[in-house]
Amino acid sequence: PSAPARRNPFSSLNNAPRRAAAAPQAPAPAGGDPSAAPFWQVLESACEDKPPRRAEPAGGADILALTNDLHLPVAVPQAPSSPSQEFPADWSIKTRILFMSSQPFTWTEHLKAQEEAQGLAQHCRATETTLPPSVQDPRLSTELRCAFQQSLVYWLHPSLPWLPLFPRIGADRKIAGKACPWAQDEALQQVLRNDWSVSFTSLYNLLKAQLCPYFYVCCPQLTVLFRAAGLGGSAVPTALIAPTTRGLREALRAEGKCGRSRRDRGIEFSLPLLEESRARGQKNSEENLGAEADGLGGSSSVEEADEAAPSDDDEDESFSWLEEMGVQDQVKKPDAISIQLCREKHEVQVDHRPESVVLVRGTNTLTLLNLLLNCRSLVAMAGPQAGLPPTLLSPVAFRGGTMATLRARSASARARVPGGFEDVSSLEVLGPILPHAVRALARLLGPAQRGAFRAVLSTHEPSAVFNTPPGPQQVSTGVTGEAVPQDLSACGLHPEALHQLRQRPTLGKSAIHYLEMKDYSYTWKA
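Residues numbered from 1 in each chain as written. Predicted model: local features only at pLDDT ≥ 70, side-chain atom pairs only at ≥ 80, totals over all residues. Heavy atoms only, no water.

Within the protein chain, the regular secondary structure consists of 15 helices and 14 strands. Taking as baseline every contact in the protein chain between residues at least 6 positions apart, the subset at least 24 positions apart corresponds to 77%. For the protein chain, the computed accessible surface area is about 26,600 Å², with 52% contributed by carbon and sulfur atoms. (Helix = DSSP H or I, 4+ residues; strand = E, 2+ residues; numbered from the N terminus. Contact = heavy atoms within 4.5 Å. Areas by Shrake-Rupley, 256 points an atom, 1.4 Å probe, with all protein chains shown as cover.)

Encoded structure:
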């Protein structure tokens with residue numbers, strides 16, 4: 001069966017008509033034999049914006065449903081990585097992970113009250129759990145079950161159980177019709193805003209003190225990722241904002257400019273993907289010029305390149321010919337704003353796209369905090385999300401934060417494989433799955449599933465761009481105050497997860513969508 005239409009996660013930002021695009025279909029088995037289909041074609045990664053439904057098996061297939069919403073094939077990329085003992089850090093937020101294994105996941109069910117309490121206590125105390133390479137009977141392993149409970153915990157603000165607070169981009173349809181008593185009450189909106197400001201400031205202070213590794217600010221229009229110094233291949237604190245618009249970038253440049261002093265430069269930021277594209281284009285251009293110079297003589301090519309890039313003075317004087325003709329008063333000249341927009345057309349073209357991701361480094365993150373605290377446009381003024389503050393997501397506790405747990409459920413089924421059927425067990429994890437949780441779950445499932453499992457990961461697509469590298473490392477000392485100790489041992493993460501998140505991102509604009517462990521070695525596809 002063909003997959004249902006998928007929404008563009010950026011359509012709500014563009015205010016453009018929604019255009020549904022058909023998802024890629026799995027290749028048909030050769031010769032029409034359904035038993036020749038690969039194993040992963042039995043399942044589908046559920047899209048976060050579509051309601052679950054049950055598919056009708058074709059031809060009377062004897063397949064038991066894993067769960068009510070695990071039904072269609074998953075289009076898994078065809079270029080797996082080489083086997084490795086680790087998989088790269090993925091800074092995107094996952095909405096759903098479906099683990100599959102030949103070994104049952106029944107050990108994740110029906111935790112005892114003591115095991116649940118111990119798991120929550122281990123999370124609050126950042127207790128490190130060491131497991132053997134292989135667990136003979138996971139159902140009898142109290143340490144494993146407590147560690148599983150520990151890996152499901154996260155913190156958020158605000159906490160409104162009747163409202164889905166993640167994702168916030170494109171969530172109007174899910175929130176519409178729910179009770180929102182603050183929508184018409186400005187006093188209540190102000191109380192929510194003040195409470196949110198306290199929680200936001202608390203998170204930043206924890207991050208600056210190396211007690212919180214990272215956190216997310218999820219708004220109806222954009223998402224912000226704050227990372228502590230030492231994570232993501234950066235020696236200073238960083239913040240990534242995506243998607244952005246020219247108006248937001250102008251607000252960043254104007255923030256803090258209260259005079260004409262050179263020190264009032266606003267928030268310094270970069271567009272890493274756009275700069276990388278420009279650098280790549282410039283390199284290709286130089287190579288082409290070099291080739292032409294070798295074949296035709298370099299002087300003419302270089303002169304033509306200089307003539308193709310007019311200076312600002314040339315543009316300002318480009319209307320002098322009108323005065324020579326005596327018609328300068330009859331012709332309407334473009335104003336300064338129009339000329340500036342024309343110059344910045346390439347920057348405007350990336351608005352609302354992944355290439356618009358903004359990177360803020362060092363002490364500029366504090367100025368960004370102040371801007372976001374005072375920015376009224378972060379809160380929707382109309383619609384179902386009107387008056388609702390952005391969602392804060394963190395792996396550790398903070399002031400005003402509420403402890404929450406991911407939803408997990410296991411099931412069993414029979415799946416088609418080449419040559420017949422095999423028994424397959426599945427574990428589905430739902431919720432805002434943060435980067436450290438993916439590593440924690442994989443670390444537990446290795447010994448519990450005897451070193452073999454597969455996972456299909458559904459990504460909140462606007463956050464996939466957070467895997468963009470932060471650029472060259474620049475360590476400052478003393479003068480700017482950006483040099484901070486990078487001891488994150490007290491940040492609340494397991495040392496293995498911390499080691500993974502310290503690495504420089506390598507996925508770019510993509511995210512891991514398929515992860516497999518075989519003989520305790522990982523392969524992945526992005």
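Further notes follow.
Before going further, it helps to examine the nonpolar core. Proteins that are soluble and globular tend to have nonpolar side chains buried together. Counting 98 residues, the largest nonpolar core has Phe99, Phe200, Tyr216, Phe226 and Leu368 as its most contacted members. Ignoring any residue separated from it by four or fewer positions in sequence, one finds Phe226 in contact with Phe200, Tyr204, Leu207, Pro213, Tyr214, Phe215, Val217, Thr238, Ala239, Thr365, Leu368 and Leu372. Among the nonpolar cores identified, the runner-up in size contains 6 residues, and Met100, Val424, Val456 and Tyr514 belong to it. (Core = buried A, V, L, I, M, F, W, Y, C linked by side-chain atoms within 4.5 Å. Buried < 20%, exposed > 50% of the residue type's maximum accessible area, 1.4 Å probe, protein only.)

A word on the pattern of salt bridges. Taken as a whole and judged by the stated rule, the model has 12 salt bridges. Arg439 is the salt-bridge partner of Glu496, the closest N and O atoms lying 3.1 Å from each other. Note that Glu496 is positioned in helix α15 (residues 495-502) and Arg439 in helix α14 (residues 435-448), a separation of 57 residues in sequence. Looking at Arg439, the relative accessible area reads 5%, which means it is buried. Each of the salt bridges in this network shares a partner with another, and the network as a whole consists of Glu86, Arg439 and Glu496. (Salt bridge = Lys/Arg side-chain N within 4 Å of Asp/Glu carboxyl O.)

Here we take up the side chain of Arg439. Only 3.1 Å separates the side chain of Arg439 from the side chain of Glu496, close enough to count as a polar contact. Once residues within four sequence positions are removed from consideration, Arg439 is found in contact with Glu86, Phe87, Glu496, Ala497, Gln500 and Tyr522. (Polar contact = N/O pair within 3.5 Å; in protein donor to acceptor, adjacent residues only side chain to side chain.)

Relative to each other, helix α3 (residues 142-151) and α14 sit at 160 degrees, their axes nearing to 9 Å. As judged from the angle between their axes, α3 and α14 are roughly antiparallel. In terms of crossing hand, the pair formed by α3 and α14 is left-handed. Note on element contacts: α14 touches α3 through Ala437, Ala440, Leu441, Leu444 and Ala448, opposite Leu144, Ala147, Phe148 and Ser151. Here the contact of α3 with α14 is built from residues that sort into 8 nonpolar, 1 polar and no charged. (Axes fitted to C-alpha atoms, helices over the stretch in contact; angles between N-to-C directions. Parallel < 35°, antiparallel > 145°, perpendicular 65-115°, else oblique. Left-handed = near helix turned anticlockwise from the far one by under 90°. Nonpolar A, V, L, I, M, F, W, Y, C, P; charged D, E, K, R; others polar.)

On to the side chain of Thr365. Its place among the elements puts Thr365 in helix α13 (residues 364-374). Relative accessible area serves as the criterion here: at 1%, Thr365 is assigned to the buried category. Not counting the four nearest positions on each side in its chain, Thr365 is found in contact with Tyr204, Phe226, Pro237, Thr238, Ala239 and Val360.

Here we take up the sheet that holds strand β14 (residues 521-525). The 6 strands are arranged β10-β11-β1-β12-β13-β14 in an open sheet whose pairing can be described as antiparallel. With one partner strand each, in any of the chains shown, β10 (407-417) and β14 form the two edges of the open sheet. On average, adjacent strands in this sheet sit at an angle of 20 degrees to one another, irrespective of strand direction. As paired strands, strand β13 (residues 514-518) and β14 are joined by 5 bridges and run antiparallel to one another. Residue Met517 lies in a different strand from β14, and its bridge partner there is Tyr522. Sitting on the sheet, α14 touches β1 (94-101), β11 (420-433), β12 (452-459), β13 and β14, and the angle it makes with β11 is about 145 degrees. (Pairing = 2+ DSSP bridges.)

A separate point is the packing of aromatic side chains. Applying the stated criterion across every chain yields a total of 11 aromatic pairs. On the numbers, 5.9 Å between centres and 70 degrees between planes, the contact of Phe200 with Phe226 is edge-to-face. Of this pair, Phe200 sits in helix α5 (residues 186-208) while Phe226 sits in strand β4 (residues 223-227); the two residues are 26 residues apart in sequence, bridging distant segments of the chain. Taken individually, Phe200 and Phe226 each receive the classification buried, so the pair is uniform in this respect. The interplanar angle of 80 degrees and the centroid separation of 5.9 Å between the aromatic rings of Tyr214 and Tyr216 together place this pair among those described as edge-to-face. By way of ring pairs, the aromatic residues Trp196, Phe200, Tyr204, Phe215 and Phe226 are connected into one cluster. (Phe/Tyr/Trp six-rings, centres within 6.5 Å; stacked < 30°, edge-to-face > 60°.)

Turning to the environment of Gln503, a few remarks are in order. Checked against the element boundaries, Gln503 lands in the loop between α15 and β13. With relative accessibility at 39%, the residue Gln503 sits in the partly exposed group. The spacing of Gln503 and Leu231 is 272 residues in sequence and 6.9 Å in space, taken between C-alpha atoms. Sequence-distant contacts of Gln503, that is, excluding residues within four places in its chain, are made with Gly232 and Gly233.

Right, let's get into the environment of Leu271. Here Leu271 shows up in the loop between β6 (269-270) and α7 (272-296). Considered as a pair, Leu271 and Ser356 are 85 residues apart in the sequence and their alpha carbons are 6.6 Å apart.

Overall, antiparallel pairing links the 8 strands, which are arranged β6-β7-β5-β4-β3-β8-β2-β9 in an open sheet. Two strands close off the open sheet at either side, each with one partner strand: β6 and β9 (402-405). Alignment of strand β3 (residues 214-218) against strand β8 (residues 391-394), held across 3 bridges, turns out to be antiparallel. Its bridge partner lying in β8, Tyr216 is registered against Leu393. Contacts between helix α2 (residues 113-124) and the sheet are confined to β2 (153-157) and β9, with β2 contributing the most and set at about 65 degrees to the helix. α13 contacts β4, β5 (238-242) and β7 (358-361) of the sheet and is inclined by roughly 120 degrees relative to β7.

Among the 5 residues that make up β2, 5 are buried, leaving the element largely enclosed by the rest of the structure. Residue alternation in β2 divides its side chains into two sets, Val153, Trp155 and His157 and Tyr154 and Leu156, and both sets are buried. Where β2 meets β8, 3 bridges bridge the pair, whose relative direction is antiparallel. By the bridge assignment for β8, His157 is matched with Leu392.

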